[in-house]
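What follows is each chain in one-letter form.
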Amino acid sequence: MGELWHNLTVPHIASRGPGRPPAAKAADTRERILQAARAVFSERYWDAQKNFAIQGFHRDGSAFADRGLGAIGAVSNGLFTNSQSSAVLNEIATWRFQSDWGTRSVAVGEAGYNPTIYASGSVWALSTANVARAFWAEHRPASAWQIWRTLIPWSTLDSPGHMHEVLAGDTYHPQFE
């Protein structure tokens, strides 16, 4: 009990030998882990044939076939190489993703594209704003502005100030299911 009492009441003075402080070593370790994770991510979630991100995997291990907006999060978090991020942004800036009222969740022409089904080609205001933010973060302000400005008319679609959660991906109207 006497030894335990002593350890609880007397401050412990840490002794550190020569070398780098623990915080610096931890930061180096963290950076190495992040770089390794990014390298693995950019290989596993990239389809070299399509030159686009893989959105996820089925239970059998096969990749989802459709091009969707899942890659925006990876671009924003620096998980792809610069060339991969550029390819993603270039594709998302095309008419296949962009409509006059926002960014489609799945590109026109993909097997899973259906502009009237929730998250299968419909347009979401929040996703469109995230896409614009990613373009700004990647120093593409002209594209970012063009994408963001598509949200302005949403507040006047049916009643002033109201914004629907999601619009159809083929024509400018609220999505109905």
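Note that the structure is a prediction, hence the values are computed from the model and not measured.

Undergrad: Got a minute to help me understand a nonpolar patch on the surface in this structure?
TA: A surface patch of nonpolar side chains, amounting to about 420 Å² of accessible area, comprises Trp136, Trp145, Trp148 and Ile152. Summarising the element assignment, Trp136 is placed in helix H5 (residues 125–137).

Undergrad: So what exactly am I meant to see when it comes to the layout of surface pockets here?
TA: Where empty space is left can be seen by rolling a probe of water-molecule size over the atoms. If you add up the space inside the largest pocket, you get close to 160 Å³. Along the walls of the largest pocket sit Gln55, Phe64, Ala65, Asp66, Arg67, Gly68, Leu69, Gly70, Ser105, Val106 and Ala119, which together make up its complete lining. Looking at the lining of the largest pocket, its residues break down into five nonpolar, four polar and two charged.

Undergrad: Any chance you could explain the nonpolar core here in plain terms?
TA: Within soluble globular proteins, side chains that are nonpolar tend to cluster in buried spots. By size, the foremost hydrophobic cluster in this structure holds 21 residues, and its most contacted members are Ala53, Ile72, Phe80, Val88, Ile92, Val131 and Phe135. Elements represented by at least two residues in this core include exactly strand S2 (52–53), helix H3 (71–76), helix H4 (82–92), H5 and helix H6 (141–149). Discounting residues that sit within four places of it in the chain, Ile92 has contacts with Phe52, Leu69, Ile72, Phe97, Gln98, Thr103, Val131 and Phe135. With six residues, the next largest nonpolar core counts Ala125, Leu151, Trp154 and Leu167 among its residues.

Undergrad: Is there a simple way to explain the packing of aromatic side chains in this structure?
TA: Aromatic ring pairs are defined here through the distance separating the ring centres and the angle between the ring planes. Inspection of every chain in the model, using the stated rule, returns eight aromatic pairs. Where Phe41 meets Phe80, the ring centres are 5.5 Å apart and the plane angle is 50 degrees; that geometry is what we call tilted. Residue Phe41 is found in helix H2 (residues 22–44), and its partner Phe80 is found in the loop between H3 and H4; the two are separated by 39 residues along the sequence. Using a relative accessible area of 22% as the deciding quantity, one classes Phe41 as partly exposed.

Each value, and the rule that gives it
- Residues numbered from 1 in each chain as written.
- Predicted model: local features only at pLDDT ≥ 70, side-chain atom pairs only at ≥ 80, totals over all residues.
- Heavy atoms only, no water.
- Patch = residues over 30% accessible without salt bridge, like charges linked within 9 Å, V, L, I, M, F, W, Y side chains within 5 Å.
- Areas by Shrake-Rupley, 256 points an atom, 1.4 Å probe, with all protein chains shown as cover.
- Salt bridge = Lys/Arg side-chain N within 4 Å of Asp/Glu carboxyl O.
- Helix = DSSP H or I, 4+ residues; strand = E, 2+ residues; numbered from the N terminus.
- 1 Å grid on protein atoms, 1.4 Å probe; cavity = no way out; pocket = protein on both sides within 12 Å on 5 of 7 lines; lining within 4 Å.
- Points joined across faces, edges and corners; volume = space filled by probe spheres on them.
- Nonpolar A, V, L, I, M, F, W, Y, C, P; charged D, E, K, R; others polar.
- Core = buried A, V, L, I, M, F, W, Y, C linked by side-chain atoms within 4.5 Å.
- Buried < 20%, exposed > 50% of the residue type's maximum accessible area, 1.4 Å probe, protein only.
- Contact = heavy atoms within 4.5 Å.
- Phe/Tyr/Trp six-rings, centres within 6.5 Å; stacked < 30°, edge-to-face > 60°.

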